[in-house]
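Here is how the chains run, residue by residue.
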Amino acid sequence: MENALEPGLYIVAGPIGNLGDLTPRAAEILCRADVIAVEDTRVSAKLLRHAGSDRPMVPYHDHSSDTLRAKLIERMAGESVALLSDAGTPLISDPGYKLVRDARAAGRHVTTLPGPSAAIAALTLSGLPTDRFLFMGFLPSKAKARGDILAEVAALRATLIFYESGPRLSDSLAAMAQGLGNRDAAICREISKTFEEAVTGTLADLSTRYANAPPRGEIVVIVGPPGEAPPASAEDADAALKEAMTRLPVSKAAGEVAKALGLDRRTLYARAMELKG
Ligand code: SAM
């Protein structure tokens, strides 16, 4: 008989639609863990059948009672507990954060079995910059809360990743166009499944496209970073210098404007002296 797994917590990423994406290592852990903490036993039963696992499941959510979580942490002292989501990587818009936090606090062994996540899969499909990105999860459905969150990130020079649903898609895209500017975006749908697609366009165009035809299936919206601001003109620089010199000595004014407009400080200082006459 195979050796028992080391006691502790095993974070197991599952497929995001295509069962073939379950990694062999994840399948092995699902077959060997003493117990598997899942969101929905009916959903996970299908994956466990596919993996050939007959291990027992227990339902777990981060809003499960503290007692249930404490019991799982207790079990991790002598048993292996796998954590599995309905889809993709646990903790990513899914339960698990509190379980990992408490397992670490209790000194349990914690390890992860990496695998698919819709956020990263969509980013790779989008054709938008990947050097810097921010995962935004699901936007709130109330317009005010949604607008507040978009305002918080509007100035970031980063690609943004949102999870969405078909019925909300058009409204969310319109809110993004308003709150972030009409940027390039990609709607990535049904990734790894039969009807996988990625539709690209500006936020406003995409909002119109989906207004009367909400798409089916699972969706990730990728929004590109704000466009490069056009370089400041000589007139912009003069106006900024004149304004700054009403408040600051010439060298400080030149420094402030250089920083704000991304221009050379010495050139601006010379120009400020000219303007001063
Ligand atoms: N933990 C998962 C992960 O790692 O991607 C995400 C779980 S979250 C509750 C579910 C959301 O992920 C869906 O509403 C959708 O926005 C996105 N999603 C999951 N599977 C997807 C797929 N195959 N194609 C596109 N989006 C998907």
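Look up a bit, the structure's there.
Below is a summary of the structure that appears in this document. (Residues numbered from 1 in each chain as written. Predicted model: local features only at pLDDT ≥ 70, side-chain atom pairs only at ≥ 80, totals over all residues. Heavy atoms only, no water.)

## Focus on the overall build of the protein chain
Link 1 in the chain: Along the backbone of the protein chain there are 11 helices and 10 strands.
Link 2 in the chain: Expected size for 277 residues packed as a compact globule is a radius of gyration near 19 Å; at 26 Å, the protein chain overshoots this value by more than 25%.
Link 3 in the chain: Counting only C-alpha atoms and orienting by the principal axes, one finds that the protein chain spans roughly 90 × 50 × 30 Å.
Link 4 in the chain: Taking all 277 residues of the protein chain together, the buried fraction comes to 40%.
Link 5 in the chain: Look at the contacts in the protein chain between residues 6 or more apart in sequence, and 68% of them connect residues 24 or more apart.
Link 6 in the chain: Surface summary for the protein chain: the accessible area is close to 14900 Å², and the carbon and sulfur share equals 54%. (Helix = DSSP H or I, 4+ residues; strand = E, 2+ residues; numbered from the N terminus. Rg over C-alpha atoms; globule rule 2.2 N^0.38 Å. Buried < 20%, exposed > 50% of the residue type's maximum accessible area, 1.4 Å probe, protein only. Contact = heavy atoms within 4.5 Å. Areas by Shrake-Rupley, 256 points an atom, 1.4 Å probe, with all protein chains shown as cover.)

## Structural notes on the site of the ligand
Link 1 in the chain: Around the ligand sit 19 residues, and of these Ile16, Asp94, Ala118, Tyr163 and Ile219 come closest.
Link 2 in the chain: Contact distances for the ligand include 2.8 Å between a nitrogen atom and a side-chain N or O atom of Asp94.
Link 3 in the chain: Backbone polar atom of Glu164 to an oxygen atom of the ligand: 3.5 Å apart, as the coordinates give it.
Link 4 in the chain: Look at the ligand: alone it shows 580 Å² of surface, and the protein chains cover 90% of it. (Near = heavy atom within 4 Å. Polar contact = N/O pair within 3.5 Å; in protein donor to acceptor, adjacent residues only side chain to side chain.)

## Observations regarding the sheet that holds strand β6 (residues 133–138)
Link 1 in the chain: In spatial order, the strands read β6-β7-β10-β8-β9; together these 5 strands make up an open sheet with mixed pairing. The open sheet has two free edges, formed respectively by β6 and β9 (197–202), since each of these has just one partner strand. Averaged over all pairs of adjacent strands, the angle between their axes in this sheet comes to 20°, without regard to strand direction.
Link 2 in the chain: Of the pairings in the sheet, the one linking strand β7 (residues 159–165) to strand β10 (residues 218–223) comprises 6 bridges and is antiparallel in character. Each bridged residue has a counterpart across the sheet, and for Phe162 the counterpart in β10 is Val221.
Link 3 in the chain: Along the sheet, helix α8 (residues 203–211) makes contact with β8 (184–189), β9 and β10, crossing β9 at roughly 125°. (Pairing = 2+ DSSP bridges. Axes fitted to C-alpha atoms, helices over the stretch in contact; angles between N-to-C directions.)

## A closer look at the layout of surface pockets
Link 1 in the chain: In this structure, the largest pocket occupies an estimated 400 Å³ of space.
Link 2 in the chain: Around the largest pocket, the lining comprises 21 residues; the ones closest to its centre are Ala87, Ala118, Phe138, Tyr163 and Glu218.
Link 3 in the chain: Of all elements in the fold, only β7 and β10 reach the threshold of two or more residues within the lining of the largest pocket.
Link 4 in the chain: Considering every element that reaches the lining of the largest pocket, the biggest residue donor is β10, with 3 residues.
Link 5 in the chain: Of the residues contributing to the lining of the largest pocket, the split by class is 10 nonpolar, 4 polar and 7 charged.
Link 6 in the chain: For the lining of the largest pocket, the domains that each give at least three residues are domain 1 (8–116) and domain 2 (125–223).
Link 7 in the chain: Roughly 260 Å³ of internal volume is contained in the second largest pocket.
Link 8 in the chain: Lining the second largest pocket are 15 residues, and of these Pro15, Leu19, Val43, Lys46 and Asp86 sit closest to its centre.
Link 9 in the chain: Among the elements that take part in the lining of the second largest pocket, helix α2 (residues 41–51) stands out by supplying 4 residues, more than any other. (1 Å grid on protein atoms, 1.4 Å probe; cavity = no way out; pocket = protein on both sides within 12 Å on 5 of 7 lines; lining within 4 Å. Points joined across faces, edges and corners; volume = space filled by probe spheres on them. Nonpolar A, V, L, I, M, F, W, Y, C, P; charged D, E, K, R; others polar. Domains from an automatic or database assignment.)

## Here's the deal with unusual backbone geometry
Link 1 in the chain: For Leu91, which is not a glycine, the phi torsion comes out positive at approximately 80°.
Link 2 in the chain: Relative to the elements of secondary structure, Leu91 occurs in the loop between β4 (80–84) and α4 (97–105).
Link 3 in the chain: Judged by its relative accessible area of 30%, Leu91 is partly exposed.
Link 4 in the chain: Of note in this structure, Ser192 is not a glycine but carries a positive phi near 75°.
Link 5 in the chain: You can see Ser192 is positioned in the loop between β8 and β9.

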